[in-house]
Amino acid sequence: MYLVVAAVALFFLLTSLRGIAGFYTDFLWFDSLGFSGVFSGVLGAKVALAVIFTGLFFVLLLVNLLIADRIAPRFHPLGPDQELIERYRELVGGRVRTVQIAVSAALALIAGGGVSGEWNKWVLFTNSQSFGTDDAQFGTDVGFYVFRLPFLNFVSGWLFGTLAVVLVVTAAAHYLNGGIRTQGQSPRVGAAVKGHLSVLLGLLALIKAADYWLARFELTYSTRGVVQGATYTDVKAQLPALTLLILISLAAFALLIVNIWRRGWVLPVLAVGLWAFVALVVGTIYPAVVQRFSVQPSESSKEAPYISRNIDATRLALDLVPCEEGQTAGPEGGCSVEVVAYEAASEVSAASLSTPTTTASLRDVRLWDQVQLLQDLQRLQTSKPYYEINDVSVDRYTVTDASGATSVEPVEVGVRSLNTSGVPQNSWEARHLAYTHGYGVVAVEGNKKTATGQPTVLAADIPQDSSPTAPELQVDRPQVYIGTEQTGYVVVGTKRQEIDYQDAGGTTQFSEYEGENAVSMGSLWRRAAFSLRFGDINPLISGQMTSDSKILYIRDVSERVQKLAPFLSFDADPYLVVLGGELVWVVDGYTTTDRYPYAQQADTDDLSLDSGLDHSFNYARNSVKAVVDAYDGTATFYVVDDEDPIIAAYQEAFPELFTPGDEVPEGLQEHFRYPEDLFRVQTNMWGRYHIADPDDFYNQSNTWNVAQNPAGSTTSPAGTDAAGNPLPTREARIDPAYQLVVAPGDTESSFVIQRSFVPYSDDDSRKELTAYMTADSDPATYGRLRVYEMPSNNQPAGPAIAAAAIRQDEEVSRQQTLLGQSGSQVQLGALTMVPIDGAILYVQSFYVVAETTQVPELKFVMAYNNGRIGIGGDLQLALEDIFPAGTVPELGQTVSTDGAAVDIDDGTDDPTGGNVDDPTTTTVPDDGTDGGGGTASSVEEYLTQAQLAFDEAAQALRDGDLATYQAKVEEAEEAVARAAELAGVGDTSSTTVAPVTTTTRSSTA
């Protein structure tokens, strides 16, 4: 028995110690980043609430128990209850006061302890701001609804529940004191006891009256009508009912107070009965009758003014206010969405291809889809299992071409993060002391490919070298301690050197962490605390520790910013920026609330589960750009929308956490992107809320859907209809895409995120392009939303139609059949829409992946315009497959050489059992020949020979000389195979592609 008790006690002790260690090390972590005020501020709010509400409950209950003792009868007439009361008194004895205090304290801890979870409402309540906008029903500033109403509702509900518990416990105390008798001839409730209980009941009635008063404002979130907000029934029936219930509650309070001086309980029973009757009939039945028999038969006309309120509020809350004529989108213009009529031409004309704006847009079309590019880089740029590239982000950087000219181009950037599970030695020392960080950035030109179908790399080498073609991508400190999908902890400043990389000769290079933002763990006390936190005794007992040792934890960038600012929501996609030789992560932070009156709940159906916006809200702003140093984890929260009242409230509460937006470092703002998650929500909502007329909105006569995903995947049914029948299964929606493009009417390229719309249809049968929306990311116009509406009588093919036509094209189908066999598979990239001089062009990449290498090779680019389909080795050749010779501008998207070396595994081993690749060296045969009688001596020369052979094969095919065509194809295959052999990427013979014809084709799909 004693052993069991001791084991239980030890368990609770260790559990408590680990919780204390976690609390202590959390403080150390906040303090190391300079944000101890945030930690103490949140903790202070939690403690203050718990203390205040616990103390309030304790005082209320104890005072009432003392009153019950004071008014208890001195003489207790004999009766059936007396035996129970006597037993209670014998049990308690002279410890009545102690029992009262203990009961009050125990219940107070239960009632008050959980209140700490309301700390965020308290912070907003105590730092409330004005929105400068009044709601349409009560004329009250929106700030009251967002900042004050949630906490007032909580307090009202808590007080009602508290007084109900106090009433029950007090009544029990009166019974035990003899003031209440259940049997007998004398009065069952003494006069003083009746007065005491009447006061408590009266207070409950008062609190209920306050609750009804607050419920009036809650009607602005009603879901009774066709839209959210107070609609006809809420305003004409429910609101008067609540007013009446307030009066009934006040009358009940008066009757209960008067009852103190009257005999019996007639008045309290009358008050409660009247309240219950009115609540049922007037508060529930009457509104239901009005809704069914008055509203539903003429719903469109009855609900019209309330639909208008909902439209206006939703547009304001989600920053979707259309501009009037003469307005410019932006805070100064008072609107956010510019609606442009796009006079869509049926076909791209040959003449329009040669204009400077068209050439710029076509040259910047991204050929590399992020899915295939990530697969490519994982194979070619992470030669070691302890490196991984978790994501690539689309950005823009200045690139210098061969002639020395510079231009801003789409660049896709990734970083080699540490993959702890791939560390060659599964020892604590290797995983936590030696392998502590990832290494280097990988950047490719998104709009270019090599002659062999690989990306042109701007930055990739180990060690990290400067890029002569992209100086902005030069990295001075390539070590990556903070990244994505980083778990666990690492310790730096130990006796064990940190492995940085191995050079080409197999020599291991070491580095030493020099950052400031790590937690010192030199003392025995701190080492013990961290051992408890991580459930790992090694930090405590390891002989590798020194007085200078520091620990890095919470190394995942998303987890880091969320812990620092738990009241913000964050985008699912942190992206890397190379800034002044440093690597920094940018994470978009949002303020959200579901308390904006009359605004519709946001459609978040297609957000990823990792998105911070994947919750219920009807107001959102991208008010914060969180910037985290990839080396030492320094975090800066820049406020980029100082018009947002919610972020202003948090700035008052946590001033040390936020930095004004005008202090963003030079050059960083040029890499800010309009956030994808917010854009998804806004496009989801704009499909319906672009309609301003209430009648059209009700009839959904011009409602749009986000365009279907060209891949053709489906989602589960969106719910059930009014009759309970499942709604049709919907196709997945197209993803937003970042791209550099010259927008219609502009003369220079802009970096935008874009998404398309199609007409609404229950069964997704409508797939014509009805509009598309873009959001600017350039500093001068950041956040400007533009919607380009197609004419209703001339709607081009939507993305799904274009993708289907491309897949059904004879030549595309032939190439898919030809290449999707013999150990290879074909993958089609995302569809890109390019507006060209009033017309729409779609572009899609065609990849081939050999099973032996698992490296995607960009074989073809396909183009679609108004039923015409072209396919070629790059976009220029695809366009030449559609348009007359000489009309397609020189795009320069294919380069004659790789443009960067491929990582080659030289087989050398590192000291802990791994091996490292030499990323710069290729092996040339000793005899200087290509092994087949040729004279090629490098990968580049083999690829040049292959390109020439392919060109000659294409010409032979056009001339009808099939024998020469086949011979040249075989010659090209041999050259590609030799190049692959030298590059160490395996057999590519199964991925070799025959050139396609240049005959213009059309599709009727």
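Rules used in this analysis
Residues numbered from 1 in each chain as written. Predicted model: local features only at pLDDT ≥ 70, side-chain atom pairs only at ≥ 80, totals over all residues. Heavy atoms only, no water. Salt bridge = Lys/Arg side-chain N within 4 Å of Asp/Glu carboxyl O. Buried < 20%, exposed > 50% of the residue type's maximum accessible area, 1.4 Å probe, protein only. Helix = DSSP H or I, 4+ residues; strand = E, 2+ residues; numbered from the N terminus. Pairing = 2+ DSSP bridges. Axes fitted to C-alpha atoms, helices over the stretch in contact; angles between N-to-C directions. Parallel < 35°, antiparallel > 145°, perpendicular 65-115°, else oblique. Left-handed = near helix turned anticlockwise from the far one by under 90°. Nonpolar A, V, L, I, M, F, W, Y, C, P; charged D, E, K, R; others polar.

**Thoughts on the pattern of salt bridges**
Once their charged atoms are close, side chains differing in charge can pair, the charge on each being opposite to the other. Overall, the coordinates contain 27 salt bridges when judged by the stated rule. One salt bridge connects Glu 118 with Lys 121, and the closest N-O pair in it is separated by 3.2 Å. What makes Lys 121 partly exposed here is its relative accessible area of 34%. When the shortest N-O distance is used, the salt bridge between Asp 764 and Arg 733 registers 2.6 Å. Here the residue Asp 764 occupies a position in the loop between β24 (750-759) and β25 (771-776), and Arg 733 occupies one in the loop between β22 (704-706) and β23 (737-741), the gap between them amounting to 31 residues. Sharing partners across several salt bridges, the network here consists of Asp 606, Glu 676, Arg 680, Asp 735 and Arg 755.

**A few points about the sheet that holds strand β3 (residues 393-400)**
Spatial strand order, β3-β4-β7-β9: 4 strands in an open sheet with antiparallel pairing. The sheet is open, and its two borders are formed by β3 and β9 (457-459), each paired with just one other strand. Within this sheet the neighbouring strands show an average axis-to-axis angle of 40°, counted without direction. Summarising the sheet, β3 and strand β4 (residues 406-415) pair through 8 bridges and their orientation is antiparallel. Bridge assignment links Arg 396 to a residue of β4, and that residue is Pro 410.

**Some points on the sheet that holds strand β11 (residues 489-492)**
Pairing is antiparallel in the open sheet, where 3 strands are placed in the order β11-β15-β14. Each of the sheet's edge strands pairs with one partner strand only, and the pair in question is β11 and β14 (519-520). In this structure, β11 lies alongside strand β15 (residues 550-553), joined through 4 bridges in antiparallel fashion. Its bridge partner being in β15, Val 491 is matched across the sheet by Ile 551.

**Remarks on the packing of helix α7 (residues 191-218) against helix α8 (residues 232-258)**
At their nearest, the axes of α7 and α8 sit 8 Å apart, and the two run at 165° to each other. Looking at the two axes, α7 sits roughly antiparallel to α8. Here the hand of the crossing between α7 and α8 comes out left-handed. Here the residues of the contact of α7 with α8 sort into 18 nonpolar, 3 polar and 2 charged.

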